[in-house]
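Observations on the model geometry
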Amino acid sequence: MDVTYLISQLSLIFCCLVSVLFLVMVKCLLGWCWFSRRGASLPCLPSVPILGSLLHLRSSLPPHLLFTKLARSYGHLFSLYMGPHYTLVVSEVALAREVLLHRGRDFAGRPKMVTTDMLTRGGKDIAFADYSTLWKSHRKLVHSSFALFGEGSSKLQTIVLDAAESLCSDLQAYRGQSVDLSPFMMRAVTNVVCRLVFNSTYSPQDPELQQVLDYNDGIVQTIARGSLVDIFPWLQIFPNKDLTRLRECVFIRDKLLTKKLEEHKLTLIPGEPRDLLDALLSGQSDVTDDHILMTAAEAFGAGVETTSTTLLWTIAFLLHHPEVQERLHAELDECVGRDRHPTLTDRSTLPYLESVLNEVLRIRPASPILIPHVAMQDTRLGGHYVPKGTRVLVNIWAIHHDPKHWDNPDQFIPDRFLDCTGKKINPPSYLPFGAGPRVCVGESLARMELFLFLSCLLQQFHFSLPSDASLPNLQGRSGVVLQPHRYMVTVRLRQ
């Protein structure tokens, strides 16, 4: 073999590779990062090799506000690169409905990420698992388990009312005082999930309840800080305090839940479910024990933080709008009175209370950006070609604050969810729980909890601003959910 010829060929190949790499870098640096196959091109944030558009996402703004701002320049549908991952950002309701509903199955996938795999044993939950036949069977089992155990019966309502009554009893000890409601709300909602999932009721000082609160808070805090390993998995080779903390919390969580599951297997009576674990075990077929454990874990991870945070937002807005609280008190006094607890049968007679909750979920959605969707196949969105594997972020915040669909979107106006006769309406631009195949599986439970907790609290208490405190900050703190900043409130028994 001619060594000189071989060297010349290798040199030519090397030069070609360098040229191609140079062209790719120039293309990225100029921001020409759009797909034009089979459709019109999409505007895209400038990107650089390896990092993608991350340098252009540096901002003091939280992601939902940053994407809302970028949409004003790039349009309601624009693209970017999260490292190597081509991603679309949707900020308009018609496009969101196309992603979630009209092409729901096309976009039903989930990205594979290090932290969520660690959290869910490789995607064996509902929220983060990729779309598949097994996932559909799992979701169907969860729905049927809710129906078997709670929804449509009095069991679930009894659990929530008991927790609400306990919460009110705790607050009565602080009547007339200035308190932070956060730990009270968190403990009450956690107790609902504990009783729902494994039929355990805890006193405030119970060490097992404290263990649940601690590991759940640890998971929420580490996930909330975000992690570059979800964009660049190879970064796992380096020390990472957040990943270490997440592993520790998940280990404690799984140890407790595994113990509960094994106890339930030994004491299960077919046809007589005591809780969600019993119901899941009774209907278990295709899904494994890991799927059941991750369903229980998800009830804590998703159910506690979102519900307690929404209740805290509600009280914060009532402090800003005392006239709304007065109107709620009047509606409760007229339709329920003081001699009994509100129940779900009162929903139809308390439309203003429901409209207040709807407005809170609109103006401060628990998840301002939905969990990323992934295109399962080559498809289209807004007339544009979308290749398989594309990630899609739906900016619910932008949709809920779009002035084209909401009058004065930044103002707290519960009446926007009532028609001229005072009956409830559901605007098409309202998507707090998502929609379609990936709609939140716990939506009905969350709405039940919010209604019963808020109605019980307002039936008994009046919430006001302490004399030495300022009104709650309504900007919020981004994390796993959009949380209000801590604030103090004076709790008084209603006369």
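Above this text is the structure in question.
Residues numbered from 1 in each chain as written. Predicted model: local features only at pLDDT ≥ 70, side-chain atom pairs only at ≥ 80, totals over all residues. Heavy atoms only, no water.

**What to know about the layout of surface pockets**
If you add up the space inside the second largest pocket, you get close to 430 Å³. Contributing to the lining of the second largest pocket are 22 residues, with Ser182, Met186, Asp217, Glu305 and Arg486 lying nearest its centre. Put simply, the parts of the chain that give the lining of the second largest pocket at least two residues each are helix H7 (182-198), helix H8 (207-224) and helix H11 (289-320). Ranked by residue count, the leading element in the lining of the second largest pocket is H8, at seven residues. When the residues that make up the lining of the second largest pocket are grouped by side-chain class, the tally is eight nonpolar, nine polar and five charged. (1 Å grid on protein atoms, 1.4 Å probe; cavity = no way out; pocket = protein on both sides within 12 Å on 5 of 7 lines; lining within 4 Å. Points joined across faces, edges and corners; volume = space filled by probe spheres on them. Helix = DSSP H or I, 4+ residues; strand = E, 2+ residues; numbered from the N terminus. Nonpolar A, V, L, I, M, F, W, Y, C, P; charged D, E, K, R; others polar.)

**Re the side chain of Arg438**
Mapped onto the elements, Arg438 comes out in the loop between helix H14 (396-400) and helix H15 (443-460). Within the buried set, Arg438 has no salt-bridge partner at all; the shortest N-O distance to an opposite charge, 4.8 Å, is to Asp130. Within polar-contact distance, the side chain of Arg438 engages the backbone oxygen of Ala108 at 2.9 Å. Within polar-contact distance, the side chain of Arg438 engages the backbone oxygen of Ala129 at 2.3 Å. (Buried < 20%, exposed > 50% of the residue type's maximum accessible area, 1.4 Å probe, protein only. Lys, Arg positive; Asp, Glu negative; His and termini not counted. Salt bridge = Lys/Arg side-chain N within 4 Å of Asp/Glu carboxyl O. Polar contact = N/O pair within 3.5 Å; in protein donor to acceptor, adjacent residues only side chain to side chain.)

**Quick look at the packing of aromatic side chains**
Evaluation of the coordinates by the stated rule reveals 12 aromatic pairs. On the numbers, 5.3 Å between centres and 45° between planes, the contact of Tyr131 with Trp135 is tilted. Comparing Tyr131 with Trp135, the two get one shared label, buried. Sitting over the face of the ring of Phe451, Arg347 holds its NZ or CZ atom 5.6 Å from the ring centroid. Of note, Arg362 hangs over the ring of Trp406, and the distance from its end group to the ring centre comes to 5.3 Å. (Phe/Tyr/Trp six-rings, centres within 6.5 Å; stacked < 30°, edge-to-face > 60°. Lys NZ or Arg CZ within 6 Å of the ring centre and 35° of its normal.)

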